[in-house]
Structure formats: C-alpha cells, structure tokens
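# A look at the structure
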Amino acid sequence: MRRLILAAWLCLLASPAFCAAPSALFYMTDAADSVRSFLAHSSKIDLLVPAWYSVDESGLVTGAPNATVLKAAQSQGLPVMPIVALFGKTKFHNLAGSEAAQKRMNDALLREARLHGYVGFQIDFEHVDYLDRELLTILVARSANTLHKAALKLTIATVPNAPGYPGNGGFSKWMFTDWRGAYDLAALAKSVDLICLMTYDEHTRWTMPGPVAGWQWTVDNLDYALQSVPKEKLSLGIPLYGYHWYTGAPITDKTTGDERPNLTGDSIKAADALQLSTEFAAKPDWDATDHTAFFWFYRDQLREWVFYTDQRTFRDRYQLAADRGLEGFCSWSLGQEDPEIWTVLTDRTASH
C-alpha cells in the first residue's frame, strides 16, 4: 500500500506518460463464469483477448465470436483481439513448414477481423519444439506483415524462457526443448506489436506444490525478456487462478498390474480455493518470499496444498508492471479471479 501511495505522489509531480497505468489485457474463455466476469467488469479492461479461434496444421482456422460479448465490447469502444491457438509439436511443425498453409491461416484471420471488427489477433502457439525456433519466428513475421498491411495488429503470447538454456535436471531439459526454447524474443519483438509474457505456470500438476508464479521467478523472467524486448512492447502475465495439489488413487498399468504413485494437482479458481479453506478450516496465509497466497489442510490424513492469486498477489505484480514501465499486464483468465482484484484497477476512461 505504501508503494501505491508513493506512486500516486510521484504521478502528481511527473509527466502524464509517467502516470499512465499499465494497460489491462484480460483473456476470456467460453465458460459462463468468464463471460459473466467480462460483462460485470468490462469498464476496467483495456483489451479483451478471447480464446475464440484455433488453427490446425493445414492452416484451417475455426471458431467464432460470442455475440453477446462482441456486442457489449463494441458498444463501449473496447478493442477485441481474439487468440488463434495451436498446441502440439508435430502440428506446429507441419504448419510452419508450409507457406500455403500459413497463407490459408492469414487469409482467414483477415476475413474474421474485417467481418467482426477485431483490431487484430494474438498468436498462442505452445508446446513447440525448440528446434523449430526459426520456423516460429518466420511464421510470425509473415503473419505480422499480412495483418499490418491491413492496418491490423498482431501480438503473441510466449512462454517465459529465462535463462535461455536448460538446467541440469530432466524436467528442466523437457521444459526447454518442448516449451520454452522456441521463442526468440528479440526476433519476435521486431515483428509483433506486443509480447504477452506468460509468467505462469512456475509450478503445475507436473511439479511439487508451489506458487503459480513465484516472485523471483517472475522477476527473473521479466528481466530476461527486457534484455531484448522494449518495455513498450511487453506485457507481464499475471495468473488469476491457482493450483490444488493432492494425492490421487494409484495408477495401475493395464498390462502388468503394477501400480505407481499419483501425486497430482488441478487448477482452481480463487472462489473455489476459498471454499476449500472454509470447508476444512484452513486459514489462508501469505508467502512473503514469493508474494503469493496459500494454505494447506488435511483430508484423509494427508496434507493438501493450495496456492492461488488473491488481491494482494495480483496487486504486487500489477505494481511490478507499473514500476518497470511496461506496456501493461495480461491475465488468464476472466471468471477465475478473486473479485477483490478489481479494486486495484481504475475505469478505462480514468486511467488513460
């Protein structure tokens, strides 16, 4: 809170550019809770990025807007920039290896943008092989060139990839080869209008319990990105959800009958996390090192862990984006948030 008050005082003394609040980019899914959250809080959103489209390896784009959401956004003059998504190493490699497929995709993006009044698209290509790094860079440059000629924007969501090479362990190697290594931030920044750095997830169902986006992990990835991406083109990812880790039933091999452990985790909305804390009388705590909310409780004589984003978790990362002078922040996704985060943000007309 002291930092927010200090920032307000500095704002009174500084130039208008210094005072500009970070741009608020929110992702939205087709889930009813996500749509309801958008309709309730649209005045505090600067750019809506709905997950409406996907593309396959042939370049075929499928998807359509939510009519209610699109009408509401357009009535408020709120820019809409849908995601076009593709997940999978083989699928991406085939798309990136075919200029015809890419042209098919880009033609469809132009068609949909003109038909529905979008300001552009955001590429969300994940689980891309690190050996296809150059192919991703070339594909993005082609798409950006096509959209820019039509006065449209192209942005991209990237997996955070500090320090730029794998560590010692097998999991670290897998994260680099299959998730982090494909994004050449310096090259991508030359083509796109904005890079949304997905500083989530640090810990997942694949890992031991821990924060979705620990503080030092977030700062390290942000600092690494800022080495090659202008701050005016960088948006800091802030997760709105959490994870719940627990022990599942043993997994049995259907052939041998052998059993193996099933330590797992599921993503969880802030409201569902707080419901768990109430049900099991678990008091939410604050991790001062990682700037995140968490709690634990016992069920069936086993400890379960929950890390999630409350208002304070969100506020600290919002302030980090402001302190670094970034273009803004990007949050996945509406409908999963602690309602109190909206007290951190001002209305669109008041903040810009």
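Note that this is a predicted model, so its numbers are computed, not measured. (Residues numbered from 1 in each chain as written. Predicted model: local features only at pLDDT ≥ 70, side-chain atom pairs only at ≥ 80, totals over all residues. Heavy atoms only, no water.)

## Some thoughts on the packing of helix 10 (residues 215-226) against helix 12 (residues 311-323)
Two elements in contact, helix 10 and helix 12, have axes whose closest approach is 12 Å; the angle formed by their N-to-C orientations is 20°. Between helix 10 and helix 12, the crossing angle belongs to the class labelled roughly parallel. Regarding helix 10 and helix 12, the two cross each other, and that crossing is right-handed. Here Trp215, Thr218, Val219 and Leu222 of helix 10 lie close against helix 12, whose contacting residues are Asp316, Arg317 and Leu320. Taken together, the residues of the contact of helix 10 with helix 12 sort by class into four nonpolar, one polar and two charged. (Axes fitted to C-alpha atoms, helices over the stretch in contact; angles between N-to-C directions. Helix = DSSP H or I, 4+ residues; strand = E, 2+ residues; numbered from the N terminus. Parallel < 35°, antiparallel > 145°, perpendicular 65-115°, else oblique. Left-handed = near helix turned anticlockwise from the far one by under 90°. Contact = heavy atoms within 4.5 Å. Nonpolar A, V, L, I, M, F, W, Y, C, P; charged D, E, K, R; others polar.)

## A short note on the packing of helix 3 (residues 32-41) against helix 4 (residues 67-76)
Closest axis-to-axis distance for the helix 3/helix 4 pair is 11 Å, and the angle between their directions is 15°. When the interaxial angle is binned, helix 3 and helix 4 end up roughly parallel. For the element pair helix 3 and helix 4, the recorded crossing hand is left-handed. For the pair helix 3 and helix 4, contact is made by Val35, Phe38 and Leu39 and by Thr68, Val69, Ala72 and Ala73, respectively. Looking at side-chain class alone, the contact of helix 3 with helix 4 contains six nonpolar, one polar and no charged residues.

## Here we look at the packing of aromatic side chains
The geometry of an aromatic ring pair comes down to the distance between the two centres and the angle between the two planes. Summed over the entire model, instances satisfying the criterion amount to 27 aromatic pairs. Arranged with centres 5.1 Å apart and planes meeting at 50°, the rings of Trp174 and Trp206 form a pair that is tilted. Here the residue Trp174 occupies a position in helix 8 (residues 170-180), and Trp206 occupies one in the loop between strand 8 (194-197) and helix 10, the gap between them amounting to 32 residues. Residue classification places Trp174 among the partly exposed positions, given a relative accessible area of 26%. Under the relative-accessibility criterion, Trp206 is labelled exposed at 53%. Of the aromatic side chains, those joined through ring pairs into one cluster are Tyr200, Tyr241, Tyr243, Trp245, Phe294, Trp296, Tyr298, Trp305 and Phe307. (Phe/Tyr/Trp six-rings, centres within 6.5 Å; stacked < 30°, edge-to-face > 60°. Buried < 20%, exposed > 50% of the residue type's maximum accessible area, 1.4 Å probe, protein only.)

## Quick word on the sheet that holds strand 17 (residues 328-331)
One open sheet accounts for 10 strands, arranged 2-1-17-9-8-7-6-5-3-4; its pairing is mixed. What marks the edges here is a single partner per strand, and that holds for strand 2 (47-50) and strand 4 (61-63). Neighbouring strand axes in the sheet, compared pairwise and without regard to direction, differ in orientation by 25° on average. (Pairing = 2+ DSSP bridges.)

## Overview of unusual backbone geometry
Across residues other than glycine, the phi torsion is negative in most instances, and most of the peptide bonds are trans. Cis rather than trans, the peptide bond between Ala162 and Pro163 has omega equal to 5°. Within the secondary structure, Pro163 sits in the loop between strand 7 (153-158) and helix 8. Omega for the peptide link from Trp332 to Ser333 comes to -15°, which places this bond in the cis form. Assignment of secondary structure puts Ser333 in the loop between strand 17 and helix 13 (348-351). A positive phi angle is found at His127, which is not glycine, with a value near 60°. Assignment of secondary structure puts His127 in the loop between strand 6 (120-126) and helix 7 (133-149).

## Some points on the sheet that holds strand 14 (residues 285-287)
Working definition: the strands of a sheet are paired by backbone hydrogen bonds and lie parallel or antiparallel to each other. Here five strands make up an open sheet; going across it, the order is 13-10-16-15-14 and the pairing antiparallel. Looking at which strands have only one partner, the edges of the open sheet turn out to be strand 13 (263-268) and strand 14. With direction set aside, neighbouring strand axes in the sheet form an average angle of 30°. Two elements, strand 14 and strand 15 (residues 292-299), share three bridges in a ladder whose sense is antiparallel. Pairing of Trp286 across the sheet is with Ala293, part of strand 15. Along the sheet face, helix 12 touches strand 14, strand 15 and strand 16 (302-308) and points at about 25° away from the line of strand 14.

## Re the side chain of Ser42
By the secondary structure assignment, Ser42 is in the loop between helix 3 and strand 2. With a relative accessible area of 6%, Ser42 lands in the buried category.

## With respect to the nonpolar core
Phe26, Phe38 and Phe125 are the most contacted members of the largest nonpolar core, which totals 89 residues. Ranked by residue count, the leading element in this core is helix 6 (residues 99-116), at six residues. Every residue in contact with Phe26, bar those within four places of it in the chain, is listed here: Lys44, Ile45, Leu47, Leu48, Val49, Leu240, Phe329, Ser331, Leu334, Ile341, Trp342 and Leu345. Counting residues in hydrophobic clusters, the runner-up holds nine residues, among them Ala273, Ala282, Ala293 and Phe297. (Core = buried A, V, L, I, M, F, W, Y, C linked by side-chain atoms within 4.5 Å.)

## Remarks on the confidence of the model for the chain
The pLDDT averaged across the chain works out to 95; a share of 94% of its residues lies at or above 70. Here helix 1 (residues 2-13) stands out as the least confident element of the chain, with mean pLDDT 48; strand 6 is the most confident, with 99. Contacts from residues 4-10, a stretch scored under 50 in pLDDT, to residues over four places away or in other chains number four contacts. (pLDDT = per-residue confidence, 0-100.)

## Some points on the pattern of salt bridges
Taken as a whole and judged by the stated rule, the model has 10 salt bridges. In this structure, Glu304 and Arg299 form a salt bridge, with 2.9 Å as the shortest nitrogen-oxygen distance. With relative accessibility at 7%, the residue Glu304 sits in the buried group. Note on Arg299: relative accessible area 29%, which makes it partly exposed. (Salt bridge = Lys/Arg side-chain N within 4 Å of Asp/Glu carboxyl O.)

## Describing helix 10
For an α-helix, the turn length of 3.6 residues means that residues three or four places apart are oriented alike. With 12 residues, helix 10 should reach 16 Å at 1.5 Å per residue; the first-to-last C-alpha distance of 16 Å fits that figure. Buried residues of helix 10: Trp215, Trp217, Thr218, Val219, Asn221, Leu222 and Ala225, and no others. On its buried side, helix 10 packs onto helix 8, helix 9 (185-191), strand 8, strand 9 (234-237) and helix 12. (Expected span 1.5 Å × (residues − 1).)

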